[in-house]
Amino acid sequence: MELLNRPTGLLGVDYAEAQQRELKLKFRLRVRARIVVESVAKYLGRTEELHLLDLGSADGKALCEMSRLLPRSEILGIEYTPELVELAAGLSPNIRILRGDIRDLPVEVAARQFDVVSALAVLEHLESPAEVVGKVSQNLKPGGIFVASVPVPRWERAAQRLGLRRWDVHHCTLDRERMVAAVNAAGLHLLEYRKFMWAPVAGLTYLRIPVSPAFSLGIDRVISLLRIANGMFVNHAVIARKAA
């Protein structure tokens, strides 16, 4: 496949290296991975022997977390930056990352269907995220699920003002309405909209205080149920199903 014009806002090796040393970045990728795993368990009813396609996989560290929690599953990632694809080589026998553009998947991927398609912290880097969602929906098996997470716009703007986004450029902000509209336009059935990564807990990692992803997501569930300080979630996700 000949790649499209190089998109801007791509992450590079510097970000991958930072993920290895900065607690807050490790925390984020592990929480996002668990959003996928929880969605798989809830809506597919199994966590083994799945076929999963991940968009914008960077160096594959989030895929390692998924692989650990989804045993005997085949995980295929798509990443544009060749240096990151190289870093991901040999992660695990069941993880493979191909160089490609998620706006125009490699032929060998475009012809396949998967139980799960995930897009974690990637749609905000695109100028036309709904178009990509529409294309990759064709790669879902009937009954398969699509899981996408993006930053909550108000917190994204705050991060920009505070200089917390050092590596990447976001082309759009996606609120709940835009995310739901994208999956609806793709012909997918919305299963769940959820907010996650409550700021007071996630903020501990900026102070170099370790927080387990399971604990963080547990707090998220309590806050969501009680509807207390619901505006303090920094990320949100949609989970949608392709008709069987």
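Just so we're clear, the structure is a prediction, and the values are computed from it rather than from any experiment. Each chain has its residues counted from 1, running along the sequence as written. Where totals are concerned, whole chains, interfaces and linings use all residues; where local detail is concerned, this predicted model gives features only for residues with pLDDT of at least 70, and gives and counts side-chain atom pairs only at 80 or more. Water and hydrogen atoms were dropped before computing side-chain values, which therefore reflect all heavy atoms in the structure.

Undergrad: What is the right way to look at a nonpolar patch on the surface in this model?
TA: Note that patches include only residues with greater than 30% relative accessible area and no salt bridge, and the join distances are 9 Å for like charges and 5 Å for nonpolar side chains (Val, Leu, Ile, Met, Phe, Trp, Tyr). Each accessible area value is a Shrake-Rupley result obtained with a 1.4 Å probe; residue values ignore everything except the protein chains displayed when judging cover. In what follows, salt bridge is the name for a side-chain nitrogen of Lys or Arg lying within 4 Å of a carboxyl oxygen of Asp or Glu. Together, Val222, Leu225, Leu226 and Ile228 make up an exposed nonpolar region whose accessible area comes to about 420 Å². Since its relative accessible area comes to 43%, Val222 is described here as partly exposed. Burial classes: relative accessible area under 20% of the type maximum marks a residue as buried, over 50% as exposed, and values in between as partly exposed (1.4 Å probe, protein chains only).

Undergrad: What am I meant to see in the pattern of salt bridges here?
TA: Across all of its chains, the model carries 15 salt bridges by this definition. Arg34 is the salt-bridge partner of Glu65, the closest N and O atoms lying 3.5 Å from each other. Residue Glu65 is located in helix α3 (residues 61–69), and its partner Arg34 is located in helix α2 (residues 23–43); the two are separated by 31 residues in the primary sequence. Given the relative accessible area of 8%, Glu65 is considered buried. For Arg34, a relative accessible area of 19% gives the class buried. Of the charged contacts in the structure, one is a salt bridge between Arg103 and Asp101, with a shortest N-O distance of 2.7 Å. For Arg103, a relative accessible area of 25% gives the class partly exposed. Only runs of H or I of at least four residues qualify as helices and only runs of E of at least two qualify as strands under DSSP, and these elements are numbered from the N terminus.

Undergrad: What is the right way to read the packing of aromatic side chains from this model?
TA: How two aromatic rings sit relative to each other is given by the distance of their centres and the angle of their planes. Ring geometry is summarised as follows: Phe, Tyr and Trp rings, the Trp one being its six-membered ring, pair when their centres sit within 6.5 Å, and such pairs are stacked at plane angles under 30 degrees, edge-to-face over 60 and tilted between the two. Tallying each qualifying case throughout the model produces zero aromatic pairs. Remark: a charge is flagged as sitting over a ring if the NZ atom of Lys or the CZ atom of Arg is within 6 Å of the ring centre and within 35 degrees of the ring normal. Against the face of Tyr80 rests Arg99, its NZ or CZ located 5.2 Å from the ring centre.

Undergrad: Can you walk me through the side chain of Ser137 in this structure?
TA: Along the polypeptide, Ser137 turns up in the loop between α6 (129–136) and β5 (140–151). In this description, contact between two residues means that some pair of their heavy atoms is separated by no more than 4.5 Å. Aside from chain neighbours lying at most four places away, what touches Ser137 is Ala186, Leu188 and Lys242.

Undergrad: Whenever I open this one, α3 confuses me. Can you help?
TA: Helical geometry: 3.6 residues make up each α-helical turn, so side chains three or four residues apart lie on a common side. Every buried residue belonging to α3 is among Ala62, Leu63, Glu65, Met66 and Ser67, and all of these are buried. Contacts from the buried residues of α3 go to α2, β1 (51–55), β2 (74–79), β3 (95–99) and β4 (114–120).

Undergrad: Any chance you could explain the nonpolar core here in plain terms?
TA: Soluble globular proteins: nonpolar side chains tend toward being buried together. Residues enter a nonpolar core if they are buried and are Ala, Val, Leu, Ile, Met, Phe, Trp, Tyr or Cys, with the set joined through side-chain atoms within 4.5 Å. Ranked by internal contacts, the top residues of the largest apolar core, which has 35 residues, are Val36 and Met66. Ranked by residues supplied to this core, first place goes to α2 with eight residues. Every residue in contact with Val36, bar those within four places of it in the chain, is listed here: Leu52, Met66, Val116, Ser118, Leu120 and Val147. Val122, Leu140, Ala148 and Val150 belong to the second largest nonpolar core, which has 32 residues in total.

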